[in-house]
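Residue-level structure breakdown
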Amino acid sequence: MSSMANQQQCFHCLQPIPRGVTLSVCYQDEQQAVCCAGCQAVAETIIEHGLSAYYKHRDPDQPQQTPILPDELNDLDVYDHPDVQKEFVRDLGAEQQQAALTVSNITCSACAWLIERELQNTAGVERAVVNLSSQRLQVTWDPGQVAMSELIKRLAAIGYQALPFQANQQEQQFGRQRKGLIRRLGLAGLATMQVMMLAFALYFGVVSDLDETTRQYIWSVSLIFATPVILYSAQPFYMGTLRALQARTLNMDVPVSIALLGAYSASVYAVFKGSGEVYFESISMFTFFLLSGRYLELLAKEKALRFATNRLTLMPQLATRETQDGTESVAVKQLQVGDIIRVNPGDTIAADGELLSQAAWVDESLLSGESVPNHKQQGQLVVAGSINQQQAIRIRVTAAAQQTVLAGIVAMQDSALADKPKVQQVIDKVASYFVSAILVVATLTFFVWWWIDPEHALWVTLAVLVATCPCALSLAAPTAITGTIHRLNQRGILLKGSQVLESVKSLDIVCFDKTGTLTEGKFTLSERKDFISSEQVSQLVAGMEAFSEHPLAIPLKQLTATPRRFSNPVNNVLGYGLQVEDDDGQVYRLGSEAFIRQWHPQAPLDRDFTVILANQQQVLACFKIEDKVRQDAKATISQLKQRGVKTLLVSGDSQQRVEQTATELELDAHYGEFKPDDKLSLIKELQQKGHTVWMVGDGLNDGPVLAQAHLSMTFAGASDLAKTAADVVILSDRLSCVSEILTSAHKSRSIMRQNFSWAVLYNISILPVAALGLIAPWVAALGMSLSSLLVIANSLRLYRE
């Protein structure tokens, strides 16, 4: 096996080049080796566009922090290259792809609204949602109608720079924003100190006997110091205003920009006229405090996002792949479905795959939050991001890169963070009207003070514009939602959207499936009764169950190593079982008692048997398969009942077994032998009566029911259909996650109410104070910043609790 120390680095991405790869690019008349076709395409594009300096100025000692592309190439067609898209695009099937993009220059909800509107009005785009906190865009589109490069160019046309999201560059993005704010903040601070020294002299009469020429000189010096502040330091507020006006809406930057430019213009006019009032010290201090607030707000957001350390940053860069000659080190992005990889003890598994070794212990805490290793047997799925605990294992790759379970988890997390609850949508609209009202009140304040005392009119208006800016109001919901989602993610609970926060307030019924939900779903065959040859029965059953995803099929698939093969399709009759016709025309059924009684209504079938095999002539065999109730099921049911939530058991299992489970767990009601249509009808009936219904299930038959319920939950081991239909996926094996979701949702709503109450109270209280001229503009700026920081600090509590 080739060692990393002896491997040559890729010229572009700086990762080791796999053995046998001979790709290269021409750079400065020399051939430089690259690791894959994607890096080759990107490097050639960089060189062709005259941006070779990119390779001179990057840091080769920190490959993980090196961007894939120089900034100048962010809107080029290179992003349409299939090998490049492997890094950030998920294939959802049905001619749909999904990508996460990092978008710079997002300052407020108006920016998010403009980006979403621009993309959603583009043909081929199914969905575009911006997460304001992380400045990340999740877009779903049809590549047959519009290319990724076109989407990026559309964003560039309205002033936003988009890059494929890379997990190891989230910190870099915050670092760039911090440095930019520090530069602007530093300039504003220095200018403020200089201007204030001159202003204090004038205010306190130290040089009150100055003649007009000297006073004019001091004003001119103040103008020189304040101008860089207004033109450079305050630039973020102007850009936010321009984007808001472009979106034909109003945001909190609008009154700030009006206040700054208005005060500066009036001061410049006074300087050139030689009479009047100047406000250079207020402008400088005002800008300094506003930028201080934004800087502290950025630090708070960065801290919040650190709680959700992106799982993708812990993925390995290399994997050991088997070849005909032995093994080779290969870049993870080069893995293909069907490759066989080896994972040493202590190493992180690089791709999803089928375990070829006899057994393995893997730590899946990265996905589920549970630190106890899980035992895997040959043939079971192991997922990327898990850590191999003991001996070396072999895995056949079934999914890699953006198609892994881990990538799906990250995509689901992004979707949940970007989703806006109804309350936030209302706030976004209210904030726009609120800003309009502020502008009207500020205008009236100016004219009233102009009539009362013209010398104070401008600075009082300035204080009104700044003090009442609804920054805290706009942060009230997003910060609380982000905290809740990240905390649940750490506990192994994934939310696809924020609708859980909407439905929790009126929740009164939770419906549980039985198999794999209230029970462990780890089935064992405890008894069998054969009426023909046991080997013939085993072959028939194992051959039919090979086409089933139901958990009950697991022990039946293992009855024999030589299952029977069928040339005709095995039909899955939902809610009943399996049916197949062999080459001799004999039809077999394998399933529930009700399914078999359609052929043999008088057969003496024991209800204790779970699965029955029969043909049209006779019953061939009966199987009793047992499953244990989850250890935390009873405690979870008890907690829900204490909250006043009614608990129902709705299952397709026999009435006898359903009643037994319901009695053991003390559920409020139970429904047995329910087919999928029956479950769906029950949910609809409960909803028509005004109930808010949550559904918890994991079976193939539960997909329509999960989709119908107000909120639906399933487990990571559920069928693909169930996971697609569910709103919440529980990665751990704990049913208690249901009550955790309820607790977190209630806490989140409480934090949001506190945030809203404070934001509204502050704005209502400060308005008359500012309008009466009782606070200076810089004090108003400080108060507004502290108000926003209080909201963020309150939301950070959700990470700790």
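Conventions and cut-offs
Once a new chain begins, its residue numbering starts again from 1 and follows that chain's sequence as written. Side-chain atom pairs in this predicted model are given and counted only at pLDDT of 80 or more, local residue features only at pLDDT of at least 70, and totals for whole chains, interfaces and linings cover all residues. Calculated side-chain values reflect all of the structure's heavy atoms, with hydrogen atoms and water omitted. Comment: elements are numbered from the N terminus, with helices defined as DSSP H or I runs of at least four residues and strands as E runs of at least two. For this analysis, a salt bridge means a side-chain nitrogen from Lys or Arg found within 4 Å of a carboxyl oxygen belonging to Asp or Glu. Between buried and exposed lies partly exposed: a residue is buried under 20% and exposed over 50% of the maximum accessible area for its type, with that area taken using a 1.4 Å probe on protein chains only. Here, the term nonpolar core denotes a set of buried Ala, Val, Leu, Ile, Met, Phe, Trp, Tyr and Cys residues that are joined through side-chain atoms within 4.5 Å. DSSP calls a pair of strands paired once it identifies at least 2 bridges connecting them. Each axis is a line fitted through C-alpha atoms, and for a helix only the stretch in contact is used; angles between axes span 0 to 180 degrees, taken between their N-to-C directions. By definition, residues are in contact when any of their heavy atoms lie within 4.5 Å. Any Phe, Tyr or Trp ring, taking Trp's six-membered ring, that has another such ring centre within 6.5 Å forms a pair; planes under 30 degrees apart are called stacked, those over 60 apart edge-to-face, and the others tilted. In this scheme, roughly parallel covers angles under 35 degrees and roughly antiparallel covers those over 145, while 65 to 115 is roughly perpendicular and the rest are oblique. Nonpolar residues are Ala, Val, Leu, Ile, Met, Phe, Trp, Tyr, Cys and Pro. Charged residues are Asp, Glu, Lys and Arg, and all others, Gly as well, are polar. Expected span, for any helix, means 1.5 Å times one less than how many residues it has. Scored between 0 and 100, pLDDT is the confidence that the predictor attaches to each residue.

Some thoughts on unusual backbone geometry
Even without glycine at this site, Glu 666 takes up a positive phi of about 60°. Looking at the secondary structure, you find Glu 666 in the loop between α22 (655-665) and β26 (669-671).

Concerning the pattern of salt bridges
Within the structure shown, the criterion is met by 12 salt bridges. Two residues, Arg 394 and Glu 322, come together in a salt bridge whose shortest N-O distance is 2.7 Å. Here Glu 322 lies in strand β8 (residues 318-323) and Arg 394 lies in strand β16 (residues 393-399), a separation of 72 residues in the sequence. Using a relative accessible area of 32% as the deciding quantity, one classes Arg 394 as partly exposed. The network of salt bridges with shared partners includes Glu 322, Arg 342 and Arg 394.

Looking at the nonpolar core
Side chains of nonpolar character tend, in soluble globular proteins, to be buried together. Ranked by internal contacts, the top residues of the largest apolar core, which has 54 residues, are Leu 260, Phe 280 and Phe 286. Formed by 49 residues, the second largest nonpolar core is a distinct cluster that contains Ile 481, Leu 501, Phe 756 and Leu 796.

Quick word on the pairing of strand β2 (residues 30-33)
As defined by bridge partners, strand β1 (residues 24-27) adjoins β2 across 4 bridges and the pair is classed as antiparallel. When the bridges of β2 are listed, Ser 24 appears paired with Ala 33.

Details of the sheet that holds strand β20 (residues 571-573)
One open sheet holds the 6 strands; their spatial order is β19-β24-β23-β22-β21-β20, and the pairing between them is antiparallel. The open sheet has two edge strands with one neighbour each: β19 (524-530) and β20. In this sheet, neighbouring strand axes are inclined to one another by 15° on average, regardless of whether the strands run parallel or antiparallel. In the sheet, strand β23 (residues 611-615) pairs with strand β24 (residues 619-626) via 4 bridges, with the strands oriented antiparallel. Opposite Ile 612, over in β24, you have Cys 622 as the bridge partner. Seen against the sheet, helix α18 (residues 534-545) touches β19, β21 (577-581), β22 (587-591), β23 and β24 and runs at an angle of roughly 75° to β22.

Thoughts on the sheet that holds strand β15 (residues 387-388)
A sheet is described by the order of its strands in space; here 3 strands give the open sequence β13-β12-β15, paired in antiparallel fashion. Unpaired on one side and paired on the other, β13 (374-377) and β15 mark the two borders of the sheet. In the sheet, strand β12 (residues 359-363) pairs with β15 via 2 bridges, with the strands oriented antiparallel. Its bridge partner being in β15, Val 362 is matched across the sheet by Asn 388.

Description of the packing of aromatic side chains
Two aromatic rings are characterised by how far apart their centres lie and by the angle between their planes. Throughout the structure, instances matching the rule amount to 7 aromatic pairs. Summarising the aromatic geometry, the rings of Phe 11 and Tyr 27 are spaced 5.0 Å apart at their centres and angled 40° between planes, so their arrangement reads as tilted. Of the two residues, Phe 11 sits in the segment before β1 while Tyr 27 sits in strand β1, which places them 16 residues apart along the sequence. Residue Phe 11 is classed as buried on the basis of its relative accessible area, which comes to 12%. Residue Tyr 27 is classed as buried on the basis of its relative accessible area of 9%.

Focus on the pairing of strand β4 (residues 96-103)
Within β4, 7 of the 8 residues are buried, which leaves the element mostly enclosed by the surrounding structure. Bridge count between β4 and strand β6 (residues 136-141): 6 bridges; the pairing is antiparallel. Looking at the pairing, Leu 101 lines up with Leu 137 of β6. In terms of strand pairing, β4 meets strand β7 (residues 162-164) through 3 bridges, oriented antiparallel. Its bridge partner being in β7, Val 103 is matched across the sheet by Ala 162.

Some remarks on the packing of helix α14 (residues 454-467) against helix α26 (residues 737-771)
Close contact between α14 and α26 brings their axes to 9 Å; oriented N to C, the two are set at 175°. Looking at the two axes, α14 sits roughly antiparallel to α26. Counted together, Val 460, Ala 463, Val 464 and Ala 467 of α14 and Tyr 762, Asn 763, Ile 766, Leu 767, Ala 770 and Ala 771 of α26 form the full contact between these two elements. In terms of residue class, the contact of α14 with α26 is made up of 9 nonpolar, 1 polar and no charged.

Observations regarding helix α8 (residues 235-246)
With 12 residues, α8 ought to run about 16 Å at 1.5 Å a step, and its terminal C-alpha atoms sit 17 Å apart, in line with that. Of all the positions in α8, only Pro 236, Phe 237, Tyr 238, Gly 240, Thr 241, Arg 243 and Ala 244 are classed as buried. Taken from the residues just after α8, Arg 248 is the one with a positive phi, measuring 60°.

What about the confidence of the model for the protein?
When pLDDT is averaged along the protein, the result is 76, and 77% of the positions lie at 70 or above. Note on residues 1-5: pLDDT under 50 across the span, and 8 contacts to partners over four residues away in sequence or across chains.

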